[in-house]
Amino acid sequence: MENRQIFDSLCRIFQEIKRDKDTNKWRNEEDWLAFFDEQALSTFWWPTEEEQAEWLRNWEATPVPQRWTEPSLETPWDFESMIDAFKNGEYELISCRMISSDLARIEFNPLAYPYGGTGCIQALIESFGFLIVGEDDGTGYIKFQ
């Protein structure tokens, strides 16, 4: 699949998430799975019960001040958490669009501070193989690349 087709798929999913967020009528996780291809789904963490239990044991064994910075505790986003973060984020989704031949933008309007952050938006973008070159999370533009 070429990049434009992949981007169009990302935009379709963005519009579906936007629709659910705007109406506050959210589909269940199984319904969301149908919008993602195997490649996109493979970027998420799908832990077994044993893996989840092991991660929790490690989390609890790590001193509280280190939990958020300990590399061994880092995992990719899990799919359900990404959808849940979109659901609970205090922002309005605006658009997903190309702004030049090789650059796109997802726009949102924070409704509060803190509003939940951009992690789920980044996870969605990265699940389609796109690089994030920067963000303006309401505190100013930060260039990543």
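See the structure printed just above.
For the structure given in this document, a descriptive report is provided here. (Residues numbered from 1 in each chain as written. Predicted model: local features only at pLDDT ≥ 70, side-chain atom pairs only at ≥ 80, totals over all residues. Heavy atoms only, no water.)

## Some words on the overall build of the protein
A tally of helices and strands in the protein yields six helices and four strands. Along its sequence from the N terminus, the protein presents helices and strands in the succession α-α-α-α-α-β-β-α-β-β. For the protein, the C-alpha atoms occupy an extent of roughly 45 × 35 × 30 Å along the three principal directions. Looking at the 145 residues of the protein, the share that counts as buried comes to 32%. Positive and negative charge centroids in the protein, built from 13 and 28 side chains respectively, lie 8 Å apart. (Helix = DSSP H or I, 4+ residues; strand = E, 2+ residues; numbered from the N terminus. Buried < 20%, exposed > 50% of the residue type's maximum accessible area, 1.4 Å probe, protein only. Lys, Arg positive; Asp, Glu negative; His and termini not counted. Charge placed at Lys NZ, Arg CZ, Asp CG, Glu CD.)

## Re the state of the cysteines
By definition, a disulfide links two cysteine residues through a covalent bond between their sulfur atoms. A complete count under the given rule lists zero disulfides for this structure. This cysteine, C120, is not joined by any disulfide, and C96 carries the nearest cysteine sulfur, 13 Å off. (Disulfide = S-S within 2.5 Å.)

## Looking at the side chain of K18
One can find K18 in helix α1 (residues 3-23). On the basis of relative accessibility, which here comes to 16%, the residue K18 falls in the buried class. Engagement of the side chain of K18 in a polar contact is seen with the backbone oxygen of L93, the distance being 3.1 Å. If near-sequence neighbours (up to four positions away) are discounted, K18 is found in contact with L93 and I94. (Polar contact = N/O pair within 3.5 Å; in protein donor to acceptor, adjacent residues only side chain to side chain. Contact = heavy atoms within 4.5 Å.)

## Some points on the environment of I125
On the secondary structure map, I125 appears in helix α6 (residues 119-127). Overall, I125 belongs to the buried group, its relative accessible area being 15%. I125 sits 118 residues away from F7 along the chain, and the two C-alpha atoms are 9.1 Å apart. Apart from the residues lying within four places of it in its own chain, the contact partners of I125 are L10, I106, F130 and I132.

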